[in-house]
Structure formats: structure tokens, C-alpha cells
Amino acid sequence: MSDNQNFEKIIKKEKRKKWIKTALISGMMTVLIGGSVTLLTRNIIGKQMQKQADQQIEQFNIEDLIYSPNIISTSQHYSLTAMTRSTLSSDREKNVDGYHVAYPEKSVSFNLSGREGGNDISPNIYTSENTKNVNIMATNRKTQQKEPIFFNRAYPKWYDKQQKKSKLLTPIKPTHEASTLNDLPNTLGEIAITFDKRYKYDDILKMIPKNVMINYYWLGLHTPRLDTLSGIDAYIGLNAKDDGSGELVDKFSDELDSNQYVGYQGLKKALQSETNKGVINDIDVAKDAQKQLAPTLKTAKFAGVIVTGRTENLAKLDNLSYVYATNVGVTTPIMPYQKPIK
């Protein structure tokens with residue numbers, strides 16, 4: 001073999017080595033860059049999803065405070081269903097004179113842009129009409145238990161003054177269901193009481209009989225234009241302490257996280273931050289509720305309460321002078337191994 005041939009062979013061998021080396025380096029760089037981009041993308045997506053989770057948790061806390069008539073959230077948890085999609089859930093229950101009655105879970109799904117949807121479904125509503133009024137009943141879609149109803153006292157008078165009644169819902173006849181509980185012995189029940197007018201918090205504590213438990217205070221409606229039927233899924237108020245005292249908390253604690261809302265002052269803060277409930281019959285229910293607020297709990301007034309207790313005690317509530325309407329909610333049997341609070 002000539003020197004020229006050897007030289008050409010060496011050159012080809014070196015070129016091959018150089019090409020392989022370049023290919024290896026290029027491949028490694030592609031892997032490194034691709035991995036870095038993937039890691040960076042995951043990091044950005046993760047931070048954005050965490051931001052959305054924090055926002056949804058805050059909104060959950062707002063809704064748990066202001067839209068939960070005797071509905072208590074016992075825990076919150078969220079799960080990542082995809083890299084850019086997650087679900088936030090809340091386990092809930094009702095307090096019926098110390099008995100913990102299961103209530104359907106609430107959940108929302110969200111992505112990088114915000115909330116996608118949820119399962120907080122409106123109740124089934126049944127109406128029957130006679131010559132003058134419409135009667136009403138609401139039930140939970142999952143449990144089929146009754147949902148307690150409050151009444152807008154001002155709507156019937158406002159309705160009577162309107163000339164174009166064809167576009168309006170006929171006023172709902174105030175129910176007086178408390179007395180029916182006489183036929184349900186050895187049972188605990190839940191009753192929504194609509195007062196004949198708004199009363200101060202301190203007065204309500206004295207007014208309500210001591211043998212029933214105050215669970216919830218309904219703020220009521222400022223507008224007369226929202227009918228009882230449309231307002232069923234938009235009650236705004238505060239749950240009382242679960243010890244049977246019927247007491248509320250006034251101040252929002254500065255020691256709590258910024259996304260936690262507690263007490264009467266927390267209700268004010270929550271209503272200012274509320275964004276999801278929207279408008280019902282051209283009425284922003286959160287803004288309407290703000291018109292009902294007082295500077296402090298001591299001067300606060302409420303349009304109704306939810307109370308729970310033994311059916312024989314609840315049955316007497318219709319006889320009270322300040323009662324405009326009573327409407328039954330959930331009921332549960334008394335068990336020999338568990339004593340009610342009242």
C-alpha cells in the first residue's frame with residue numbers, strides 16, 4: 001500500500017471520528033436543552049397551577065362563609081387530574097342539634113386560566129298553584145332531603161304595584177311547616193324561620209326559645225325585586241357556633257391566613273371579594289347583601305335564622321309573634337346512643 005493510500009485512510013478515519021464526536025455532542029446538547037426546556041415548562045406550569053389552586057381555595061373559603069346556610073365544610077383537598085387541570089373538593093355536613101348529617105360534596109375544576117366548572121348543583125324546586133298563591137318545596141338533588149327556604153317579605157307588595165305582571169313570577173305563599181313536625185316523633189329537624197322584620201343580633205338570641213339551637217343567621221335581602229323562588233340558591237349569612245349557644249363571632253382574626261374569612265367582619269371582607277356568584281334577575285346578590293351590613297355585630301340585623309332541635313320543640317315555632325314563615329329542612333332520627341345538644 002502506498003503512502004498516499006495510507007494517508008487517505010487515516011484522513012477518512014479521523015473524519016469519521018470527528019463526525020461521530022460531533023453527532024454525540026449534538027445529541028447530548030439536544031437532550032440537555034430539551035430536558036431544560038421541559039423542566040422549565042413544568043416549573044412555569046406548576047407555579048401557575050399553584051397560583052390557581054390558591055385562588056380557588058380562597059374562593060372556596062369565601063363561599064363557605066357566605067353561601068352556606070347551616071352547611072359546614074369539614075375538609076378541603078385538591079387533586080391534579082392532568083398537568084394543566086386540577087379539582088378542588090370540599091367535604092360538607094349539616095349540624096342538626098349536634099347530629100352531623102352528611103351533605104353532598106362540593107367541587108370545582110380549574111386549569112391555567114381559572115375555574116372551568118363545578119358540581120354545586122341547585123336544588124330541585126316543586127311548586128303547586130292555587131287561585132291566589134304558589135306553594136313551594138325544595139329538595140337536594142342527591143340526598144332528596146328537604147332544603148329550608150327563606151321568604152322575601154317585600155316581594156309580594158312590590159309585585160302588586162307592577163303593571164306588567166306577565167313577565168314576573170307569582171309571589172310564593174309563606175309556608176308554616178313547623179307545626180307539621182308534631183307528626184314526626186323521636187326525630188331532630190331543621191327549620192328556616194323568616195322574621196316579620198329584621199331584628200338585632202342580641203335580640204334574636206333572647207327571642208328564640210332556649211330548647212332549640214340557632215345554627216344560622218340569614219342577612220336577608222335589601223331589594224324587594226328578588227322573588228322567593230329565584231333567591232333559593234343565594235342565601236347570604238353566617239353560621240353560628242356549633243356548641244348550641246347560637247353565638248356569632250364579630251372580628252376577623254389577623255392571625256389567620258389572608259385567604260381565611262371568619263365572623264361578621266370576615267363576612268364584609270368576603271362580600272367585597274366575591275366574584276363567582278353573579279347576577280340573579282339583574283341583581284348582584286353580593287352587592288345587595290352589602291347594603292344590609294352594619295358596622296359591628298352588636299348593631300347587625302338579620303331577616304331570619306335556621307334552627308334545629310327536637311321536632312316537638314320546633315313544632316311550636318309557628319306560634320311566635322315574630323314569625324312570618326317557617327320551612328322544614330333536613331330531618332334525622334334520634335338515636336339512643338347519642339344525646340342531642342338541646
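Residues numbered from 1 in each chain as written. Predicted model: local features only at pLDDT ≥ 70, side-chain atom pairs only at ≥ 80, totals over all residues. Heavy atoms only, no water.

Observations concerning the overall build of the protein
1) Next: Assigned secondary structure in the protein consists of six helices and 13 strands.
2) Next: Put simply, the protein has 342 residues, and 43% of those count as buried.
3) Next: Of the contacts made within the protein by residues no fewer than 6 positions apart, 70% connect residues no fewer than 24 positions apart.
4) Next: Carbon and sulfur atoms provide 52% of the accessible area of the protein, an area that totals close to 18800 Å². (Helix = DSSP H or I, 4+ residues; strand = E, 2+ residues; numbered from the N terminus. Buried < 20%, exposed > 50% of the residue type's maximum accessible area, 1.4 Å probe, protein only. Contact = heavy atoms within 4.5 Å. Areas by Shrake-Rupley, 256 points an atom, 1.4 Å probe, with all protein chains shown as cover.)

Some details on the sheet that holds strand β7 (residues 187-200)
Pairing between sheet strands relies on hydrogen bonds along the backbone, with the strands arranged either parallel or antiparallel.
1) Next: Judged by pairing direction, the sheet is antiparallel, and its five strands sit side by side in the order β9-β8-β12-β7-β13 without closing on themselves. Unpaired on one side and paired on the other, β9 (237-239) and β13 (323-333) mark the two borders of the sheet. For this sheet, the mean inter-axis angle between neighbouring strands, taken without regard to orientation, is 25°. (Pairing = 2+ DSSP bridges. Axes fitted to C-alpha atoms, helices over the stretch in contact; angles between N-to-C directions.)

Re the packing of aromatic side chains
1) Next: Inspection of the entire model under this criterion finds twelve aromatic pairs.
2) Next: Between the aromatic rings of Phe 195 and Tyr 199, the centroid separation amounts to 5.5 Å while the plane-to-plane angle is 90°, which identifies the pairing as edge-to-face.
3) Next: Of the residues examined, Phe 195 reaches a relative accessible area of 0% and is grouped as buried.
4) Next: Residue Tyr 199 is classed as buried on the basis of its relative accessible area, which comes to 14%.
5) Next: Pairing Trp 218 with Tyr 235 gives two aromatic rings, centres 5.9 Å apart and planes at 75°, and the pair type is edge-to-face. Placement of the pair is Trp 218 in strand β8 (residues 213-218) and Tyr 235 in the loop between β8 and β9, with a sequence separation of 17 residues.
6) Next: On the accessibility criterion, Trp 218 (4% relative accessible area) is buried.
7) Next: On the basis of relative accessible area, Tyr 235 is assigned to the buried category, the value being 6%.
8) Next: Taken together, Phe 150, Tyr 216, Trp 218 and Tyr 235 form an aromatic cluster joined through their ring pairs. (Phe/Tyr/Trp six-rings, centres within 6.5 Å; stacked < 30°, edge-to-face > 60°.)

A short note on the pattern of salt bridges
Oppositely charged side chains are able to pair whenever their charged atoms sit close together.
1) Next: One pass over the full model with this rule turns up six salt bridges.
2) Next: Two residues, Lys 241 and Glu 247, come together in a salt bridge whose shortest N-O distance is 3.5 Å.
3) Next: Its relative accessible area of 35% is what places Lys 241 among the partly exposed residues.
4) Next: Overall, Glu 247 belongs to the partly exposed group, its relative accessible area being 35%. (Salt bridge = Lys/Arg side-chain N within 4 Å of Asp/Glu carboxyl O.)

What about the pairing of strand β2 (residues 85-96)?
1) Next: Burial of β2 is extensive: nine of the twelve residues sit out of reach of the surface.
2) Next: Relative to strand β3 (residues 99-111), β2 runs antiparallel, the two sharing eleven bridges. In the sheet register, Leu 88 faces β3, and the bridge partner there is Val 108.
3) Next: Where β2 folds back on β3, the antiparallel hairpin that results is connected by two residues, among which Asp 97 adopts a positive phi of roughly 55°.

A look at the pairing of β8
1) Next: Most of β8 is tucked away: six of the six residues are buried.
2) Next: As paired elements, β8 and strand β12 (residues 301-310) share five bridges and run antiparallel to each other. Note that in β12 the partner of Met 213 across the bridge is Thr 308.
3) Next: Pairing between β8 and β9: three bridges, direction antiparallel. Within the sheet, the bridge partner assigned to Tyr 216 lies in β9 and is Asn 239.

A look at the nonpolar core
1) Next: In terms of nonpolar packing, the biggest core is built from 45 residues, with Ile 208, Tyr 217, Phe 302 and Val 307 touching the most fellow members.
2) Next: If you list the elements that add at least two residues to this core, you get α1 (3-66), β7, α3 (201-207), β8, α4 (263-273), α5 (285-290), β12 and β13.
3) Next: Contacts of Phe 302, omitting those with residues within four sequence positions, involve Phe 195, Lys 197, Arg 198, Tyr 199, Tyr 201, Ile 204, Tyr 217, Trp 218, Leu 219, Leu 248, Tyr 264 and Leu 297.
4) Next: Counting residues in hydrophobic clusters, the runner-up holds 14 residues, among them Ala 138, Tyr 216, Trp 218 and Tyr 235. (Core = buried A, V, L, I, M, F, W, Y, C linked by side-chain atoms within 4.5 Å.)

Quick word on unusual backbone geometry
1) Next: Backbone geometry at Asp 97 places phi at a positive 55°, although glycine is not the residue there.
2) Next: Here Asp 97 shows up in the loop between β2 and β3.
3) Next: Even without a glycine there, the phi angle at Asn 186 is positive, about 55°.
4) Next: Along the chain, Asn 186 falls in the loop between α2 (155-161) and β7.

Some points on the side chain of Thr 326
1) Next: By secondary structure assignment, the location of Thr 326 is in strand β13.
2) Next: A distance of 2.8 Å separates a polar atom in the side chain of Thr 326 from a polar atom in the side chain of Asp 318.
3) Next: Not counting residues up to four positions away in its chain, the partners in contact with Thr 326 are Thr 175, His 176, Glu 177, Ala 178, Ile 191, Ala 192, Ile 193 and Asp 318. (Polar contact = N/O pair within 3.5 Å; in protein donor to acceptor, adjacent residues only side chain to side chain.)

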